[in-house]
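Chain by chain, the residues run as shown.
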Amino acid sequence: MKNHRYNKGSAAAKNLLEEYGFESLLDFSLELFASGLGATVIEKPLVNSDGRIIFGKKHTIIEINQDIEFEQKKRFTLAHEIGHFVLHKGIDIHNDTEATTSWFNNKEKQAKNGRVEYEANQFASELLMPSTLFYEKQKGKKFSPQLLRDLAVFFKTSITSIAFKYFELGDHPICLFHSHNKTVSYWKWPDGYPHFIIDRTKLEPPEDSVAMEFFEKGKIYAKHQAKQQIWKSTWFDLKHWEDDNDFNFFEYCIISSSHNSVLSVVWEE
Ligand SMILES: [Zn+2]
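In every chain, residue numbers begin from 1 and rise along the written sequence. Note on the predicted model: pLDDT of at least 70 is required for a residue's local features to be given, and 80 or more for side-chain atom pairs to be given and counted; whole-chain, interface and lining totals, by contrast, use all residues. Side-chain descriptors were evaluated using all non-hydrogen atoms of the structure, hydrogens and water having been removed beforehand.

For the protein, an unreviewed UniProt entry supplies the name ImmA/IrrE family metallo-endopeptidase and the organism Flagellimonas oceani.

Shown next as structure tokens:
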């Protein structure tokens, strides 16, 4: 496996799984796991909240919004709350929304309460997708949108959290760009990536990007067309001695229409 360093959040999840003798929680109810740790999980309608945790003197209650559309997202939210339960006892009531459970926003807010959210997300990621198992599952497989979808089905978690895990552990280097309301808010590339990314933070996505097609035309590609060829110059700096025709770059957009946001996964073949 690639040099994987566990951070505070992921180490806590890894230790917990080992302590209870689980290789993974794929065949075990996450609600039961939470109640085994001492937290009661309740699904109910929540206003402006995906999930929250209420620490009591004796009992802790985790509430999950029953109106969350996708089961995988519910699962990730619950895992995130379990992370708070394990790591952050003592905060009174903690409320989670799209903003706090999203990876990119957290990084931006890391100076404030983002650290706590970052830890809970890292915890959730490791709890649902143990690194060793994740690495084994993707090993030797060609990178494609379908691979990410297959991994999301296998690990029963959101495709976004899969993309971030793949970024960390996957065999093939990928770059991630997050755009919200037609503005690039964050991007990341692997260490030592051979191409230079033009920083577009707070600017519009590139005119010829797949992300921009969504914002301008509402275009969402069907599954079998999800892998779209783009120019190197779309997201990267094209050196004056380079020819765009010599490169094979692709963009796959994970779109959240309800939040008007796009996660562009970009890679070279
Ligand atoms: Zn949280």
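Asker: Which residues make up the domain arrangement of the protein, and what are the values?
Answerer: The split of the chain into domains comes from an automatic or database domain assignment. Domains assigned within the protein are domain 1 (8–134) and domain 2 (173–268). Just the C-alpha atoms count here: the centres of domain 1 and domain 2 sit 30 Å apart.

Asker: Please set out the packing of helix α8 (residues 145–155) against helix α9 (residues 159–169) residue by residue, giving values where relevant.
Answerer: For helices, the axis comes from a line fit to the C-alpha atoms of the stretch in contact; other axes are also lines fit to C-alpha atoms, and the angle between any two N-to-C directions lies between 0 and 180 degrees. Under the scheme used here, helices are H or I runs from DSSP no shorter than 4 residues and strands are E runs no shorter than 2 residues, and both carry numbers assigned from the N terminus. Where α8 contacts α9, the axes come no closer than 9 Å and their chain directions differ by 110°. Judged on the interaxial angle alone, α9 and α8 are roughly perpendicular. The two elements α8 and α9 cross, and the hand of that crossing is right-handed. For the pair α8 and α9, the contacting residues are L147, L148, R149, L151, A152 and F155 in the first and I159, I162, A163 and Y166 in the second. When residue character is reported, Ala, Val, Leu, Ile, Met, Phe, Trp, Tyr, Cys and Pro are called nonpolar, Asp, Glu, Lys and Arg charged, and the others, Gly included, polar. Taken together, the residues of the contact of α8 with α9 sort by class into nine nonpolar, no polar and one charged. Roughly parallel covers angles under 35 degrees, roughly antiparallel covers those over 145, roughly perpendicular covers 65 to 115, and oblique covers all other angles. We call a crossing left-handed when the near helix sits turned anticlockwise from the far one by less than a right angle, and right-handed when that turn is clockwise. Contacts were defined at the residue level, with two residues in contact if any of their heavy atoms lie within 4.5 Å.

Asker: With reference to specific residues and values, describe the packing of aromatic side chains.
Answerer: For Phe, Tyr and Trp, where Trp contributes only its six-membered ring, two rings pair if their centres lie within 6.5 Å, and the inter-plane angle classes them as stacked under 30 degrees, edge-to-face over 60, or tilted in between. In total, this model carries 16 aromatic pairs according to the counting rule given. Relative to F196, the ring of W189 lies with its centre 5.9 Å away and its plane at 70°, an arrangement referred to as edge-to-face. Using a relative accessible area of 28% as the deciding quantity, one classes W189 as partly exposed. An aromatic cluster of at least three residues, connected via ring pairs, comprises Y20, F22, F28 and F33. In this structure, K14 is placed above the aromatic ring of Y6, and the distance from its NZ or CZ to the ring centre is 4.9 Å. Each residue's exposure class comes from its accessible area (1.4 Å probe, protein chains only) as a fraction of the maximum for that residue type: buried when under 20%, exposed when over 50%, partly exposed otherwise. Any Lys NZ or Arg CZ that is within 6 Å of a ring centre and within 35 degrees of that ring's normal is treated as a charge sitting over the ring.

Asker: Kindly report on the pattern of salt bridges, identifying the contributing residues and their values.
Answerer: We define a salt bridge as a contact between a side-chain nitrogen of Lys or Arg and a carboxyl oxygen of Asp or Glu at a distance within 4 Å. Counted according to the given criterion, the structure contains 16 salt bridges. Across the pair E71 and K74 runs a salt bridge whose closest N-O atoms are separated by 3.9 Å. Linking E71 with K74, this pair stays in helix α3 (residues 71–87), spanning three residues, or about one helical turn. Put simply, K8, R115 and E119 are held in one network by salt bridges that share partners.

Asker: Report on α3, specifying residues and quantitative values.
Answerer: Helix span, as expected, comes to 1.5 Å for every residue beyond the first. Between its first and last C-alpha atoms α3 spans 24 Å; for 17 residues at 1.5 Å apiece the expected length is 24 Å, and the two agree. Most of α3 is tucked away, with 13 of its 17 residues classed as buried.

Asker: Before we move on, could you go through the environment of V153 and cite the residues and values that matter?
Answerer: Within the fold, V153 resides in helix α8. Taking the C-alpha atoms as reference, V153 lies 8.7 Å from Q72; in sequence the two are 81 residues apart.

Asker: Describe the side chain of H178, naming the residues involved and giving the relevant values.
Answerer: When you line up the elements, H178 lands in strand β5 (residues 175–180). Within the structure, H178 has its side chain in polar contact with the side chain of S185 (distance 2.7 Å). Polar contacts, as used here, are pairs of N or O atoms within 3.5 Å; protein pairs need one atom able to donate a hydrogen and one able to accept it. Residues neighboring in sequence count only if both atoms are side-chain atoms.

Asker: An account of the pairing of strand β8 (residues 249–256) is needed here, citing residue identities and associated values.
Answerer: With six of its eight residues buried, β8 lies for the most part within the structure. Being paired, for any two strands, means DSSP has found at least two bridges between them. As paired strands, strand β7 (residues 228–230) and β8 are joined by three bridges and run antiparallel to one another. Residue pairing across strands places Q228 opposite E251, the latter belonging to β8. Across eight bridges, the pairing between β8 and strand β9 (residues 261–268) is antiparallel.

Asker: For helix α2 (residues 30–37), give the residues involved together with the corresponding values.
Answerer: Buried within α2 we find L30, F33, A34 and L37. Looking straight down α2, one finds that the buried residues subtend no more than 100° of arc, so they occupy a single side. Counted as exposed and oriented over 90 degrees from the buried face of α2: L32 and G36. N-cap assignment for α2: the residue whose side-chain oxygen lies 3.2 Å from the backbone N of E31 is S29. Immediately beyond the C-terminal end of α2, within one or two residues, lies G38, with a positive phi of roughly 110°. Working definition: the arc comes from the directions between the helix axis and the C-beta atoms, pointing outward to the latter.

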